[in-house]
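Survey of secondary and tertiary structure
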Amino acid sequence: MKNILKAGIAGVSGYTGKEALSILLKHPRVRVTYVAANNTRGRVDGIYPEFLGRTDLVCQKFNIVQAVQHCDVVFLALPHTESMRVAGKLLKAGVKVIDLSADYRLKSTRVYGRWYGRQHADVQNVAKAVYGLPELFRQKIKTAALVANPGCYPTAAILGLAPLVTAKTSSIISVVVDAKSGVSGAGRKASLDLLSSEVNENFKAYKVLAHQHTPEIDQVLSKLAGKKMAVHFVAHLLPINRGILNTMYVHLKEGITLGQLRALYKKFYKTEPFVRILPSGGQPEVKNVANTNFCDIGLAVSADGKMAVITSAIDNLVKGAAGQAVQNMNIMCGFTENQGLL
Ligand SMILES: NC(=O)c1ccc[n+]([C@@H]2O[C@H](COP(=O)([O-])OP(=O)(O)OC[C@H]3O[C@@H](n4cnc5c(N)ncnc54)[C@H](OP(=O)(O)O)[C@@H]3O)[C@@H](O)[C@H]2O)c1
């Protein structure tokens, strides 16, 4: 019999934790052995009746000793500033950690402090964490003990921009990321702004040029470009439950044809199981990626070739969170990368 990986989920009562459980229950190489939260307790099928008949797991108050005892790998689906209090202890006990929060994504703890309003509590492990975007960092993920799972907006933005930024670094004048997300992107906690009566039949920008995902996108694009990149990022709230659509405007010094752009993207993602470059003229739609781990990308170029418009769509809870986390787990554990995800 094949070895079965014992997985735990901290934050199972939240949206990404629930999504991780849903995926892992169907994974042929995994047994979910531990689920926990903060205040939410009781049978998972009581918290989320859709799990009736699928699991007998009971959600407990998160406890490190229990997590270590029961798990080979733990998914931390916790709010930022919570993960950094526990990840180090799990790692020390030999448990692999996949953190869905922002705590280990930014390499500069000074930048983290500025954007997340708290001094980092686990500087040592920030250096060791691998940014878990498989399409760019697969080799490093293979041997990582701690993976910083990317943010939802950054996943869609970086996958949409990476081929162009890598190939045409010196030609880029500016990058605008016009991002829109469904409401589940903000998590399950109660908030006046997220009431159905506030969100439904509404559409608005928020945290304009001040969203905490900006430094994460800049960090990765700068790494690809080999020089400092700074995108102009604006987030919007869509009146839908799940899904992200990013429209990215890249102003270029030298023109590019649509044929050249398409060839660039097709080559870059040739062997990627979860990135789909749409046929010429095709545009991504959130409904086509909902409940999947795919990122769909559409390409267009202005008549003078100096404005490339790239659109990308993902499900924020799957490729933007739990699906990508399982993709990372598959890579870290030597499983087939798409196992449990198709
Ligand atoms: N939502 C998305 O689309 C998305 C996408 C990518 C990344 N992320 C990131 O993933 C993380 C989780 O997001 P989410 O949307 O799933 O959040 P959420 O729905 O608000 O859920 C948060 C979970 O964390 C638990 N929790 C809070 N403090 C805890 C503590 N001290 N110990 C143990 N458990 C604790 C909560 O338990 P209780 O129910 O007991 O309070 C709940 O289960 C966040 O850092 C978020 O930024 C979210």
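Structural data are supplied above this passage.
Numbering of residues starts from 1 in every chain and runs along the sequence as written. Restriction of local features to residues with pLDDT of at least 70 applies here, the model being predicted, together with a cutoff of 80 or more for giving and counting side-chain atom pairs; totals for whole chains, interfaces and linings are based on all residues. Only heavy atoms go into the side-chain values, all of them from the structure, while hydrogens and water stay out.

Further remarks concern the sheet that holds strand β7 (residues 130-131). Strand pairing in a sheet takes place through backbone hydrogen bonds and is either antiparallel or parallel in direction. We treat two strands as partners when DSSP finds at least two bridges between them. Segments assigned H or I by DSSP are reported as helices when at least four residues long, segments assigned E as strands when at least two residues long, and all are numbered from the N terminus. Pairing within the open sheet is mixed, and its 8 strands lie in the order β3-β4-β2-β1-β5-β6-β8-β7. In this open sheet, the two edge strands, each paired with only one partner strand, are β3 (42-43) and β7. As defined by bridge partners, β7 adjoins strand β8 (residues 146-148) across 2 bridges and the pair is classed as parallel. Bridging across to β8, Val130 finds its partner in Val147. Pairs of residues are marked as contacts when any of their non-hydrogen atoms sit within 4.5 Å. Axis definition: a line fitted to C-alpha atoms, over the contacting stretch in the case of helices. Angles run 0 to 180 degrees between N-to-C directions. Along the sheet, helix α1 (residues 15-24) makes contact with β1 (5-10), β2 (30-37) and β5 (73-76), crossing β1 at roughly 160°. Contacts from helix α4 (residues 83-92) reach β5, β6 (96-99) and β8, with the element oriented near 175° to β5.

The side chains of a regular strand alternate between both faces of the sheet. In terms of burial, β2 is largely enclosed, as 7 of its 8 residues are buried. Note: β1 against β2, 6 bridges, orientation parallel. Bridging across to β2, Lys6 finds its partner in Arg31. In this structure, β2 lies alongside strand β4 (residues 58-61), joined through 3 bridges in parallel fashion. Its bridge partner being in β4, Ala36 is matched across the sheet by Gln60. Here's how the labels work: a residue is buried when its accessible area is under 20% of the maximum for its type, exposed when over 50%, partly exposed in between, all with a 1.4 Å probe on protein chains only.

On to helix α11 (residues 258-268). Every buried residue of α11 is listed here: Leu261, Arg262 and Tyr265. For α11, the buried positions fall inside an angular range of 95° around the axis, keeping them on one side. If you follow the buried residues of α11, they end up packed against α8 (152-167), β13 (275-277), β14 (295-301) and β15 (307-314). Think of the arc as the fan of directions from the helix axis to the C-beta atoms.

Its place among the elements puts Gly42 in strand β3. Separated by 16 residues in the primary sequence, Gly42 and Val58 have C-alpha atoms spaced 5.2 Å apart. The residues touching Gly42, leaving out its near neighbours within four places in the chain, are Ile47, Val58 and Cys59.

Moving on: unusual backbone geometry. One non-glycine residue, Glu201, lies in the positive phi region at around 60°. With respect to the helices and strands, Glu201 occurs in the loop between α9 (196-199) and β10 (204-206). By relative accessible area, Glu201 is classed as exposed at 76%. You will see that Leu209, though not glycine, has its phi angle at about 55°, which is positive.

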